[in-house]
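So the chains spell out like this:
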Amino acid sequence: MSIDEKVDLINLSLVELEEFMQSIGEKKFRARQVFEWIHKGVLSFDDMTNLSLELRDKLKEVATICNLEIVEKLESKLDKTAKYLLRLPDGNIIESVLMKYKYGYSVCISSQIGCRMGCRFCASTGIGFVRSLTAGEILCEVLTIQEDLGERISNIVMMGIGEPFDNYDNVIKFLNLVNDKCGLNIGSRHISISTCGLVPRILDFAKENSQVTLSISLHSANDEVRESMMPINKKYKIKELISACNIYTERTNRRITFEYALVRGVNDSDKDALDLVKLIEGILCHVNLIPINEVDSSNYKQSYNDRIENFKNILLKKGINATVRRELGSDIKAACGQLRRSKL
Ligand code: SAH
């Protein structure tokens, strides 16, 4: 049997693992033992010491467990941010970032190898799309970093490489895996997902009734400007996107985060701020202003600090909740796709 035919157990929910164990003639309770090992970060059958040697050998024959190799780890000298380059079993490389906050550790993880969305300001654009990650591979990013850190990771943000909603089913499966009480047991309220605005998937996600925080990469309240920054706006216009956001907040009662990366002379004028106010007034939301990280592939420049402050104050004065994102790990290229790009 080749590796491709083996079942990757990290992808399975506890119920699926029980079915799997029974399908190979084993007792159902073995599933829970294996599940707990995997989610503790023990990804080798040899180390699963409460299984008989015989069972370990049998599992090795029919199953596998995804393992990520840490190719490189860069630690920021400015803060506790660490950037990981991780190699998948098929040789592809992804990246994840560990961040330390007052409340604990958070990881920023990738959902795909590359991205198809083509946002002009993003370092993941132009390096090509290879494939989506499986639920287990996404989980493995968290497990690998937690194991390396030696402390519990309490929060997850899906803001690394890829468009999570372009890999919808695997991302939902991943959420169920990390939520599992026998696994990492990370509650939905400790998880954020960021999307460039795939409207049909936002509507699907509203139906999941999940408590996950949804972030929308908005970046402009003007279709023409947004389209020049994000090709997805050709497919789903701002009006449609905002209407989906309204449905989402009404259904879930969860506050949406709008991300707005400020680019000098492109989307950072007073008028831009007022247009944004008009667009999102009345929606249960928060605006996260991000001074854009300058990447080689675009000529976008970061807005000046006084512009950023001005923009924020306009929103605040109009009663819109807004903060400016603190930049972490700027000395280790912690922004979107930058490390992987330089490696390729
Ligand atoms: N595809 C998803 C998630 C990945 S990007 C999305 O588009 O939301 C995560 C966030 O980083 C998004 O808000 C994205 O717009 C933003 N981002 C990407 N490149 C950036 C850059 N160079 N500077 C600042 N923010 C950037």
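Here goes a summary of the coordinates provided. (Residues numbered from 1 in each chain as written. Predicted model: local features only at pLDDT ≥ 70, side-chain atom pairs only at ≥ 80, totals over all residues. Heavy atoms only, no water.)

### Here we look at the site of the ligand
What surrounds the ligand is a group of 18 residues, the closest being Phe 121, Ser 194, Ser 217, His 219 and Asn 293. Within the contact set of the ligand, a nitrogen atom lies 3.0 Å away from a backbone nitrogen or oxygen of Gly 162. Side-chain polar atom of Glu 259 to an oxygen atom of the ligand: 3.1 Å apart, as the coordinates give it. Notes on the ligand: free accessible area 530 Å², of which the protein chains cover 95%. Each residue belonging to the shell around the ligand can be placed in one class, and the counts come to nine nonpolar, seven polar and two charged. (Near = heavy atom within 4 Å. Polar contact = N/O pair within 3.5 Å; in protein donor to acceptor, adjacent residues only side chain to side chain. Areas by Shrake-Rupley, 256 points an atom, 1.4 Å probe, with all protein chains shown as cover. Nonpolar A, V, L, I, M, F, W, Y, C, P; charged D, E, K, R; others polar.)

### A closer look at the nonpolar core
Core analysis: the biggest nonpolar cluster contains 107 residues, and Leu 9, Phe 174, Phe 205, Phe 258, Ile 280 and Val 287 have the highest contact counts within it. If we ignore the near neighbours within four places in the chain, the residues touching Phe 205 are Phe 165, Tyr 168, Ile 172, Leu 175, Ile 193, Ser 210, Val 212, Leu 214 and Tyr 248. (Core = buried A, V, L, I, M, F, W, Y, C linked by side-chain atoms within 4.5 Å. Buried < 20%, exposed > 50% of the residue type's maximum accessible area, 1.4 Å probe, protein only. Contact = heavy atoms within 4.5 Å.)

### Quick look at the pairing of strand S6 (residues 104-108)
Most of S6 sits inside the fold, with five of its five residues counted as buried. The sheet contact formed by strand S5 (residues 93-101) and S6 spans five bridges and is antiparallel. The partner of Met 99 across the bridge, within S6, is Ser 106. Linkage of S5 to S6, two consecutive antiparallel strands, is achieved through a turn of two residues. (Helix = DSSP H or I, 4+ residues; strand = E, 2+ residues; numbered from the N terminus. Pairing = 2+ DSSP bridges.)

### Some thoughts on the sheet that holds strand S14 (residues 322-324)
Sheet architecture is open: 10 strands sit in the order S3-S4-S5-S6-S9-S10-S11-S12-S13-S14, paired in mixed fashion. At either end of the open sheet lies a strand with only one pairing partner, and these are strand S3 (69-75) and S14. Along the sheet, successive strands turn relative to each other by an average axial angle of 25°, direction set aside. The strands that helix H5 (residues 168-179) touches are strand S9 (153-158) and strand S10 (191-195); relative to S10, the one it contacts most, it runs at about 170°. (Axes fitted to C-alpha atoms, helices over the stretch in contact; angles between N-to-C directions.)

### Digging into helix H10 (residues 270-280)
Considered for burial, the residues of H10 that qualify are Asp 272, Ala 273, Asp 275, Leu 276, Val 277 and Ile 280. Buried residues belonging to H10 abut helix H9 (238-252), strand S12 (256-262), strand S13 (285-291) and helix H11 (305-317). Positive backbone phi, approximately 90°, marks Gly 282, located one or two places after H10.

### A few points about the packing of helix H1 (residues 14-23) against helix H2 (residues 29-39)
Each pair of packed helices gets described by two things: the angle between the helix axes and the distance between those axes. At a minimum axis separation of 8 Å, H1 and H2 run at an interaxial angle of 125°. The orientation of H1 relative to H2 falls into the category oblique. Handedness of the crossing formed by H1 with H2: right-handed. Contacts between H1 and H2 involve Leu 14, Leu 17, Glu 18 and Met 21 from the first element and Arg 30, Ala 31, Arg 32, Val 34 and Phe 35 from the second. Among the residues making up the contact of H1 with H2, the classes are represented as six nonpolar, no polar and three charged. (Parallel < 35°, antiparallel > 145°, perpendicular 65-115°, else oblique. Left-handed = near helix turned anticlockwise from the far one by under 90°.)

### A closer look at helix H4 (residues 135-149)
The end-to-end C-alpha separation of H4 is 22 Å, in line with the 21 Å expected for 15 residues at 1.5 Å each. With respect to burial, H4 is a largely interior element, 12 of its 15 residues being buried. Of the positions making up H4, those classed as buried are Ala 135, Gly 136, Glu 137, Ile 138, Leu 139, Cys 140, Glu 141, Val 142, Leu 143, Thr 144, Ile 145 and Gln 146. Immediately downstream of H4, the backbone of Gly 150 shows phi near 80°, a positive value. (Expected span 1.5 Å × (residues − 1).)

### Some details on the pairing of S9
The buried count for S9 comes to six of six residues, which makes it a mostly enclosed element. Here four bridges tie S6 to S9, and the two strands are oriented parallel to one another. Directly across from Val 107, in S9, lies its bridge partner Ile 156. Here three bridges tie S9 to S10, and the two strands are oriented parallel to one another. Bridge pairing links Met 158 to Ile 193 in S10. Of the crossover connections in this fold, the one passing from S9 over H5 to the parallel S10 is right-handed. (Right-handed = clockwise from strand over helix to strand, strands pointing away.)

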